[in-house]
Amino acid sequence: TFTPTPTSTPTPTPEALRPIPTPTPPANHCPDSRATITSPVDGATIRGVVPFMGTAYLDTLIYYKFEYKPADSPTWQYLTQVDYKWVTDDKLMDFYTSTVAPGVYDFRLIVVDKSGNFPTPCEIRVTVPR
């Protein structure tokens, strides 16, 4: 008669039990994780004083700036600039909705290095109600 020989079952090592990390996708319409707006989210309705949260980081950062425009306009307007300050998952600026007419607006965050180069800006669209 045939008697099967027992085989050992391998014990997983701690390394094998670790999940494979999944990269966090950039927030909103932010193609580069060094320039992100995490709040408000794209499509949000905002009112009052609104903190814009996110990340503005480059190794050789000189400044980051925000621009905005009415959604139906092709022309971006300068809003504010912050010099020589990295921000990681924190407040980038406060926006006062009382400074604009009710409507739909696009905002973009541009992070600039000492050579004048910048990654693709992060853009979101928000609504300021009546």
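Higher on the page you've got the structure.
In this text the structure is predicted, and so the values were computed from the model without any measurement. (Residues numbered from 1 in each chain as written. Predicted model: local features only at pLDDT ≥ 70, side-chain atom pairs only at ≥ 80, totals over all residues. Heavy atoms only, no water.)

Comments concerning the overall build of the chain
Here's step 1: When helices and strands are tallied, the chain shows one helix and seven strands.
Here's step 2: Taken from the N to the C terminus, the helices and strands of the chain come in the order α-β-β-β-β-β-β-β.
Here's step 3: Residue pairs at least 24 apart in sequence account for 60% of intrachain contacts in the chain once pairs closer than 6 positions are excluded.
Here's step 4: As displayed, the chain has an accessible area near 8,500 Å², and 55% of this comes from carbon and sulfur atoms. (Helix = DSSP H or I, 4+ residues; strand = E, 2+ residues; numbered from the N terminus. Contact = heavy atoms within 4.5 Å. Areas by Shrake-Rupley, 256 points an atom, 1.4 Å probe, with all protein chains shown as cover.)

With respect to the environment of Val 87
Here's step 1: In this structure, Val 87 sits in strand β5 (residues 87-96).
Here's step 2: On a C-alpha basis, the gap between Val 87 and Arg 34 in space is 9.5 Å, while along the polypeptide they are 53 residues apart.
Here's step 3: Setting aside residues no more than four positions away along its own chain, Val 87 makes contact with Gly 54, Thr 55, Ala 56, Tyr 57, Tyr 64 and Leu 92.

Section: the pattern of salt bridges
When charged atoms on two side chains of opposite charge get close, those side chains can pair.
Here's step 1: Following the criterion strictly, the structure yields six salt bridges and no others.
Here's step 2: The shortest N-O distance in the salt bridge between Glu 67 and Arg 108 comes to 2.6 Å. Here Glu 67, found in strand β3 (residues 61-70), pairs with Arg 108, found in strand β6 (residues 103-113); they are 41 residues apart in sequence, far enough to count as distant.
Here's step 3: Note that Lys 69 and Asp 106 form a salt bridge whose closest N and O atoms lie 3.0 Å from each other. Taken as a pair, Lys 69 in strand β3 and Asp 106 in strand β6 lie far apart in primary sequence, 37 residues in all.
Here's step 4: The class of Lys 69 is buried, set by a relative accessible area of 9%. (Salt bridge = Lys/Arg side-chain N within 4 Å of Asp/Glu carboxyl O. Buried < 20%, exposed > 50% of the residue type's maximum accessible area, 1.4 Å probe, protein only.)

Observations concerning the pairing of strand β4 (residues 77-83)
Here's step 1: In this sheet, β4 lies alongside β3 in antiparallel orientation, the contact comprising six bridges. Residue pairing in the sheet places Lys 65 in a bridge with Gln 81 of β4.
Here's step 2: Between β3 and β4, which pair antiparallel one after the other, the connecting turn spans six residues. (Pairing = 2+ DSSP bridges.)

Topic: the sheet that holds β3
Within a sheet, neighbouring strands are paired by backbone hydrogen bonds and run either parallel or antiparallel to one another.
Here's step 1: Strand order across the open sheet formed by four strands is β4-β3-β6-β7, with antiparallel pairing between neighbours. With partners counted over all chains shown, the strands left at the sheet margins are β4 and β7 (122-128), one partner each. Neighbour to neighbour, the strand axes of the sheet diverge by 20° on average, direction disregarded.
Here's step 2: One ladder, built from seven bridges, connects β6 with β7; its direction is antiparallel. Following the sheet pairing, Arg 108 is matched in β7 by Glu 123. (Axes fitted to C-alpha atoms, helices over the stretch in contact; angles between N-to-C directions.)

Brief notes about the nonpolar core
A general tendency of soluble globular proteins is for nonpolar side chains to be buried together.
Here's step 1: Formed by 26 residues in total, the largest nonpolar core has its most connected members in Phe 52, Tyr 64, Phe 66, Phe 107, Leu 109 and Val 111.
Here's step 2: With near-sequence residues (within four places) excluded, Phe 52 lies in contact with Ile 37, Ser 39, Pro 40, Phe 66, Asp 90, Lys 91, Leu 92, Met 93, Phe 95, Phe 107 and Ile 124. (Core = buried A, V, L, I, M, F, W, Y, C linked by side-chain atoms within 4.5 Å.)

Considering the sheet that holds β5
Here's step 1: Spatially, β1-β2-β5 is the arrangement adopted by the three strands of the open sheet, whose pairing is antiparallel. Edge positions in the sheet fall to β1 (35-39) and β5, since each of these pairs with one other strand and no more. For this sheet, the mean inter-axis angle between neighbouring strands, taken without regard to orientation, is 35°.
Here's step 2: Strand direction decides the pairing type here: strand β2 (residues 49-56) and β5, joined by seven bridges, are antiparallel.

Note that all results are geometric; they support no functional claim without further evidence.
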